[in-house]
Amino acid sequence: APHTDTHRKLVTTLIYLAEPGADETLGTSIYALEDPKKLGPEVRNGARLPREAFAAVSRVPYRPNTALIFAPGMQSFHGVDAVAPGKTRRLVQFQVNQKK
(Lines give C-alpha, C1' and ligand atoms only; values in the text may rest on other atoms or scores of the structure.)
Protein backbone atom coordinates (compact mmCIF):
# COMPACT_ATOMS: atom_id res chain seq x y z
CA ALA A 1 0.00 0.00 0.00
CA PRO A 2 1.17 3.60 -0.49
CA HIS A 3 3.47 4.82 2.26
CA THR A 4 6.33 7.16 3.05
CA ASP A 5 9.59 5.97 4.53
CA THR A 6 10.62 6.59 8.11
CA HIS A 7 11.57 10.17 8.89
CA ARG A 8 15.10 8.98 9.74
CA LYS A 9 15.82 8.04 6.11
CA LEU A 10 17.68 10.70 4.16
CA VAL A 11 17.97 8.89 0.81
CA THR A 12 16.43 5.73 -0.60
CA THR A 13 17.78 3.95 -3.69
CA LEU A 14 16.05 0.99 -5.33
CA ILE A 15 18.15 -0.75 -7.99
CA TYR A 16 16.09 -3.19 -10.02
CA LEU A 17 17.68 -6.55 -10.83
CA ALA A 18 15.15 -7.37 -13.53
CA GLU A 19 15.79 -9.97 -16.19
CA PRO A 20 15.29 -8.88 -19.82
CA GLY A 21 11.59 -9.17 -20.65
CA ALA A 22 10.48 -8.99 -16.99
CA ASP A 23 7.00 -7.72 -16.16
CA GLU A 24 7.45 -3.92 -16.08
CA THR A 25 4.37 -3.49 -13.87
CA LEU A 26 6.47 -4.79 -10.96
CA GLY A 27 8.03 -1.34 -10.67
CA THR A 28 7.45 1.17 -7.89
CA SER A 29 4.44 3.49 -8.16
CA ILE A 30 4.46 7.11 -7.03
CA TYR A 31 1.27 8.43 -5.43
CA ALA A 32 -0.31 11.74 -4.45
CA LEU A 33 -2.68 11.96 -1.50
CA GLU A 34 -6.15 12.97 -2.75
CA ASP A 35 -6.88 15.01 0.41
CA PRO A 36 -3.68 16.39 1.99
CA LYS A 37 -5.69 17.34 5.11
CA LYS A 38 -5.70 13.62 5.96
CA LEU A 39 -1.94 13.72 6.32
CA GLY A 40 -1.26 12.84 9.96
CA PRO A 41 1.85 12.13 12.02
CA GLU A 42 1.46 8.37 11.48
CA VAL A 43 2.76 8.66 7.90
CA ARG A 44 6.16 9.85 9.13
CA ASN A 45 7.17 6.32 10.04
CA GLY A 46 5.98 4.37 7.04
CA ALA A 47 2.33 3.76 7.96
CA ARG A 48 0.38 2.22 5.10
CA LEU A 49 -2.71 4.17 4.12
CA PRO A 50 -5.70 2.94 2.05
CA ARG A 51 -4.91 2.95 -1.69
CA GLU A 52 -8.25 4.64 -2.41
CA ALA A 53 -6.96 7.75 -0.60
CA PHE A 54 -4.38 8.25 -3.39
CA ALA A 55 -4.05 9.02 -7.06
CA ALA A 56 -1.31 7.17 -8.95
CA VAL A 57 1.00 9.76 -10.48
CA SER A 58 3.68 7.63 -12.13
CA ARG A 59 5.35 4.24 -12.10
CA VAL A 60 9.05 3.52 -12.45
CA PRO A 61 9.03 0.44 -14.69
CA TYR A 62 10.71 -2.74 -13.51
CA ARG A 63 13.44 -3.00 -16.16
CA PRO A 64 17.08 -4.03 -16.28
CA ASN A 65 19.49 -1.17 -15.49
CA THR A 66 16.78 0.94 -13.84
CA ALA A 67 16.83 2.59 -10.43
CA LEU A 68 14.66 4.89 -8.36
CA ILE A 69 16.43 7.35 -6.07
CA PHE A 70 14.54 9.78 -3.85
CA ALA A 71 14.70 11.76 -0.64
CA PRO A 72 11.89 10.49 1.57
CA GLY A 73 9.56 13.09 2.99
CA MET A 74 6.07 13.64 4.35
CA GLN A 75 4.63 13.50 0.82
CA SER A 76 6.90 11.03 -0.98
CA PHE A 77 4.26 8.30 -1.18
CA HIS A 78 5.27 5.18 -3.05
CA GLY A 79 4.37 1.51 -3.17
CA VAL A 80 4.28 -1.70 -5.16
CA ASP A 81 1.28 -3.66 -6.34
CA ALA A 82 1.02 -7.18 -4.97
CA VAL A 83 3.40 -9.55 -6.74
CA ALA A 84 1.47 -12.48 -8.21
CA PRO A 85 2.48 -16.01 -7.26
CA GLY A 86 5.22 -17.28 -9.56
CA LYS A 87 6.57 -13.80 -10.33
CA THR A 88 9.77 -12.45 -8.84
CA ARG A 89 10.71 -8.85 -8.06
CA ARG A 90 14.41 -8.63 -7.31
CA LEU A 91 16.13 -5.43 -6.25
CA VAL A 92 18.83 -3.96 -4.10
CA GLN A 93 17.74 -1.29 -1.65
CA PHE A 94 20.33 1.17 -0.39
CA GLN A 95 19.42 3.82 2.14
CA VAL A 96 21.12 6.51 4.16
CA ASN A 97 19.70 7.05 7.65
CA GLN A 98 20.39 9.74 10.19
CA LYS A 99 21.20 8.75 13.75
CA LYS A 100 18.49 8.82 16.37
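Residues numbered from 1 in each chain as written. Predicted model: local features only at pLDDT ≥ 70, side-chain atom pairs only at ≥ 80, totals over all residues. Heavy atoms only, no water.

**With respect to the packing of aromatic side chains**
Right, so step 1: This model, assessed by the stated rule, comprises three aromatic pairs.
Right, so step 2: With a centroid separation of 6.0 Å and an interplanar angle of 65°, the aromatic rings of Tyr31 and Phe54 are classed as edge-to-face. Of the two residues, Tyr31 sits in strand β2 (residues 28-33) while Phe54 sits in strand β3 (residues 54-60), which places them 23 residues apart along the sequence.
Right, so step 3: With a relative accessible area of 8%, Phe54 lands in the buried category.
Right, so step 4: An aromatic cluster of three or more residues is present, and its members are Tyr31, Phe54 and Phe77. (Phe/Tyr/Trp six-rings, centres within 6.5 Å; stacked < 30°, edge-to-face > 60°. Helix = DSSP H or I, 4+ residues; strand = E, 2+ residues; numbered from the N terminus. Buried < 20%, exposed > 50% of the residue type's maximum accessible area, 1.4 Å probe, protein only.)

**Considerations on the side chain of Lys9**
Right, so step 1: By secondary structure assignment, the location of Lys9 is in strand β1 (residues 9-16).
Right, so step 2: Lys9 sits in the buried class, given a relative accessible area of 10%.
Right, so step 3: At a separation of 3.0 Å, a polar atom in the side chain of Lys9 contacts the side chain of Gln95.
Right, so step 4: Residues contacting Lys9, with those up to four places away along its chain left out, are Pro72, Gln93, Gln95, Val96 and Asn97. (Polar contact = N/O pair within 3.5 Å; in protein donor to acceptor, adjacent residues only side chain to side chain. Contact = heavy atoms within 4.5 Å.)

**Quick look at unusual backbone geometry**
Right, so step 1: A positive phi is found at Asn65, a non-glycine position, where the angle reads about 60°.
Right, so step 2: With respect to the element layout, Asn65 can be found in the loop between β3 and β4 (67-70).
Right, so step 3: The class of Asn65 is exposed, set by a relative accessible area of 82%.

**Overview of the sheet that holds strand β5 (residues 77-79)**
Right, so step 1: Ordered by their spatial adjacency, three strands build an open sheet running β3-β2-β5, and the pairing between neighbours is antiparallel. The open sheet has two edge strands, β3 and β5, and neither has a second partner. Across the sheet, the mean angle from the axis of one strand to that of its neighbour is 30°, orientation sign disregarded.
Right, so step 2: Pairing of β2 with β3 involves six bridges; the strand directions are antiparallel. Looking at β3, one finds that Ala32 is bridged to Ala55. (Pairing = 2+ DSSP bridges. Axes fitted to C-alpha atoms, helices over the stretch in contact; angles between N-to-C directions.)

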